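# A look at the structure
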Amino acid sequence: MKVAVIGAGRVGATTAYTLAIKGMVSDVVLLDVDAKRAVAEAQDISDALPFNISCRVSAGVYQDITDAKVVIITAGLGQQPGENRLQLLAKNAQIMREIVPQIAKNAKDSIIIVTSNPVDVLTKLTLRITADFGFSANRVFGTGTTLDTSRFRSLLGQYLDINPHHVHGYVLGEHGDSEVLSWSQVRIGGYPLDDYCRNMKIEMNDKIRADVEARVKGAVYRIIEGKGATYYGISGVLFNLVDAIVNDRGSMYTLSVSNAISPSVDKDICIAVPCLLDKDGISKAMPLELSEDENKRFYASVDIIERATLSLK
Ligand code: NAD
C-alpha cells in the first residue's frame with residue numbers, strides 16, 4: 001500500500017516518518033519542489049527503519065505516485081507568528097494550482113487529503129481541479145478541524161480527569177478562528193456533559209467552557225510563537241486518517257468536505273462536519289444537530305469560508 005506525501009517540509013516529513021515508523025503502509029513517497037530536501041528527508045527517515053520495520057520511504061516525481069492509494073498534500077507556506085490561516089490563501093492557492101493537476105493526472109484512483117492552509121478553501125480548490133479529472137467529492141477532503149477536535153477532547157479530558165478516549169465532542173466549521181466547539185453534543189462515556197459533571201461533582205460553567213475554547217483556538221498561535229510551526233499534532237491526525245482508509249475502519253472525524261455531500265451546508269464551499277471515513281473515502285457527512293447559538297456560529301463560519309472561497313476567482 002503506497003501513500004504519497006506532497007511537500008516534504010515539517011508537516012510532510014513528520015507525517016512520512018509517523019506512517020513509516022508505525023508500519024502502517026509498505027511505501028511512502030515524498031515529493032517536493034525542493035527535490036534535494038525530499039531526498040534528504042526520505043534518507044533520514046529510512047535510517048530509522050532497518051531493524052524492525054519494512055516500509056520503503058523514497059523521494060519521487062509525479063510518475064511515481066500512479067499506484068498511490070492516498071495522496072496527502074502538505075505543500076505550502078505555514079503561518080508566521082500572529083498570522084491567521086486565511087492570510088496564506090493567495091500564495092498557497094497558487095501552489096495548489098501547480099500540484100493538484102499533476103496529482104489528478106497521475107494518481108487517478110487515489111483518495112486526496114488536503115492539509116495545507118487555509119485548508120477549507122484549498123480543499124474546495126482541489127475539488128474543482130480534480131472534478132475535471134473524474135474525482136468524486138467523497139475522494140477529496142481536507143483535514144478540517146480534526147486537529148482542533150483532538151485538542152478539544154484532550155483539554156476537556158484533562159479538566160475532567162478522564163481518558164480523552166471517552167470524551168466525545170466535535171469542533172466544526174472553519175479550521176481557523178471562527179471554528180465552533182459543539183458543547184451541546186459533548187458526551188462523556190455516553191453521559192451528557194452536565195450530567196457527568198453533576199454525578200462527579202465537577203464544576204462546569206460558562207467561564208470554564210470559555211477557557212477551554214480559548215485554549216483550543218489559541219493552541220496554534222502558542223505553538224507557532226514557541227517553535228515556529230505545528231507538525232506533530234497534524235501528523236498524528238494524518239496517521240489516523242490513513243489508518244481509517246487503509247483498514248476500512250468507518251471512523252468519524254471532523255473533515256472538510258464539499259457541500260455536495262454535506263446535508264447541513266448549502267453554500268458552494270468545503271467546511272468541517274463530522275464524517276465517516278473508510279476505504280473509499282467519505283462514506284457519509286453527518287447532518288448537524290446543534291444548539292441555536294452553535295448553529296448561528298456555525299453558519300457565521302460558513303459565511304467566512306464562502307467569502308474566502310469567492311475571492312479565489
Ligand atoms: P514547510 O514550509 O515546512 O513545508 C512546506 C513544503 O512545501 C516545503 O518543503 C516546500 O518546498 C514545499 N513546496 C512548496 N511549493 C511546492 C510545490 N509547488 N510542490 C511541492 N512542494 C512544494 O511548511 P509546514 O510547516 O510543513 O506546513 C505545510 C502546510 O501545512 C502549511 O500550509 C501549514 O499551514 C499547514 N498545516 C496544516 C495543519 C492542519 O491542521 N490542516 C496543521 C499544521 C500545518
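In case you missed it, the structure is sitting above this.
Every chain is numbered on its own, with residues counted from 1 as its sequence reads. Under the rules for a predicted model, residues below a pLDDT of 70 receive no local features and side-chain atom pairs below 80 are neither given nor counted, while totals for whole chains, interfaces and linings still include all residues. Side-chain numbers come from the whole structure's heavy atoms, not from hydrogens or water.

### Some details on the sheet that holds strand 11 (residues 191–192)
- Any two strands with at least two DSSP bridges between them are considered paired. Going along the chain from the N terminus, every DSSP run of H or I of four or more residues is numbered as a helix, and every run of E of two or more is numbered as a strand. Reading across from one edge, 7-10-11 is the order of the 3 strands in this open sheet, with antiparallel pairing throughout. Single-partner strands in this sheet number two, and they are strand 7 (167–168) and strand 11.

### With respect to the site of the ligand
- Proximity is defined per residue: if any heavy atom of the residue lies within 4 Å of a molecule or strand, that residue is considered near it. Of all residues adjacent to the ligand, which total 24 residues, the nearest are Arg10, Val11, Asp32, Leu77 and Asn117.
- In protein, a polar contact means a hydrogen-donor-capable atom and an acceptor-capable atom, both N or O and within 3.5 Å, with residues adjacent in sequence counting only if both atoms are side-chain atoms; elsewhere, any N or O pair within 3.5 Å suffices. For the ligand, an oxygen atom lies 2.9 Å from a polar atom in the backbone of Arg10.
- Between the ligand and Leu77, the relevant distance is 2.6 Å, taken from an oxygen atom to a main-chain nitrogen or oxygen of the residue.
- Secondary structure elements with two or more residues in the shell around the ligand: helix 1 (10–21) and helix 3 (89–106).
- Broken down by element, the residue count for the shell around the ligand peaks at 4 residues, all from helix 3.

### Details of the side chain of Asn117
- Note that Asn117 resides in the loop between strand 5 (111–114) and helix 4 (119–131).
- Only protein chains enter the accessibility calculation, which uses a 1.4 Å probe. A residue is then buried if its area is under 20% of the maximum for its type, exposed if over 50%, and partly exposed in between. Using a relative accessible area of 15% as the deciding quantity, one classes Asn117 as buried.
- Here the side chain of Asn117 touches Val119 through a polar contact of 3.2 Å, landing on its backbone nitrogen.
- Working rule for contacts: check all heavy atoms of both residues, and any pair within 4.5 Å makes them a contact. For Asn117, the residues in contact, after removing those within four places along its chain, are Gln79, Arg85, Leu88, Asn92, Leu122 and His175.

### Section: helix 8 (residues 232–246)
- Under the 1.5 Å per step criterion, the end-to-end length of helix 8 is 21 Å for 15 residues, consistent within 8% with the ideal 21 Å.
- All buried positions along helix 8 are accounted for by Ile234, Ser235, Val237, Leu238, Phe239, Leu241, Val242, Asp243, Ala244 and Ile245.
- Following helix 8 by one or two positions, Asp248 adopts a phi angle in the positive range, close to 50°. Helix span is expected to be 1.5 Å times the residue number reduced by one.

### What to know about the nonpolar core
- Leu19, Phe141, Leu241, Leu255, Leu277 and Phe298 are the most contacted members of the largest nonpolar core, which totals 53 residues.
- It is helix 8 that contributes the most residues to this core, 8 residues altogether.
- The residues contacting Leu19, other than those within four sequence positions of it, are Val3, Met24, Val25, Val28, Ile72, Phe239 and Val242.
- Grouping buried Ala, Val, Leu, Ile, Met, Phe, Trp, Tyr and Cys residues that are joined through side-chain atoms within 4.5 Å yields what is termed a nonpolar core. Formed by 32 residues, the second largest nonpolar core is a distinct cluster that contains Ala4, Leu89, Ile112 and Phe135.

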